[in-house]
Amino acid sequence: ATNRAVSNIHSGYCFDVLDAHLHGRPNEHIPPQFENESYSPLFVTWNIHKNGYERLQGCIGNFEARPLH
C-alpha cells in the first residue's frame, strides 16, 4: 500500500540518517518511529539562507513510491 502523507517525523528521521552518514557515524542507533511502508513520490529540496536570501543548495527525489528505511 502507498501512504500519501509524509510528516515531520519522516523528514526528521531522514535528516538524522543523512547527518550520521556525513559525519561518519553509524546510523544503526537511529530507530525509525514509523512503519516501513512505501510513500508516494518524494522530492526534497535543501535551501540555505544567507544574507537575507534563500538559495537552492540541492535536491533529490524519486518518481515512484519507496520505503524510507
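Residues numbered from 1 in each chain as written. Predicted model: local features only at pLDDT ≥ 70, side-chain atom pairs only at ≥ 80, totals over all residues. Heavy atoms only, no water.

Caption draft 1: Here's a closer look at the nonpolar core. By size, the foremost hydrophobic cluster in this structure holds six residues: Tyr13, Ala20, Ile30, Phe34, Tyr39 and Leu68. If we skip the residues at most four places from it in the chain, Ala20 touches Arg25, Pro26, Asn27 and Ile30. (Core = buried A, V, L, I, M, F, W, Y, C linked by side-chain atoms within 4.5 Å. Buried < 20%, exposed > 50% of the residue type's maximum accessible area, 1.4 Å probe, protein only. Contact = heavy atoms within 4.5 Å.)

Caption draft 2: Spatial organisation of the packing of aromatic side chains. Considering all chains together, one arrives at one aromatic pair under this definition. When the centroid spacing of 5.4 Å and the interplanar angle of 85 degrees are considered together, the rings of Tyr13 and Phe34 count as edge-to-face. Of this pair, Tyr13 sits in helix α1 (residues 8-22) while Phe34 sits in the loop between α1 and β2 (38-39), placing them 21 residues apart in sequence. Judged on exposure class, the residue Tyr13 and its partner Phe34 are both buried. (Phe/Tyr/Trp six-rings, centres within 6.5 Å; stacked < 30°, edge-to-face > 60°. Helix = DSSP H or I, 4+ residues; strand = E, 2+ residues; numbered from the N terminus.)

Caption draft 3: Spatial organisation of the confidence of the model for the protein chain. When the pLDDT values of the protein chain are averaged, the result is 82; 93% of them are 70 or greater. Averaged pLDDT values for the elements of the protein chain fall to 58 in strand β1 (residues 2-3) and rise to 86 in α1. (pLDDT = per-residue confidence, 0-100.)

Caption draft 4: Looking closely at the pairing of strand β3 (residues 43-50). Here eight bridges tie β3 to strand β4 (residues 53-61), and the two strands are oriented antiparallel to one another. From the neighbouring strand, Thr45 faces β4, where its bridge partner is Cys59. Here β3 hands over to β4 after two residues, with Asn51 in that stretch at a positive phi of 55 degrees. (Pairing = 2+ DSSP bridges.)

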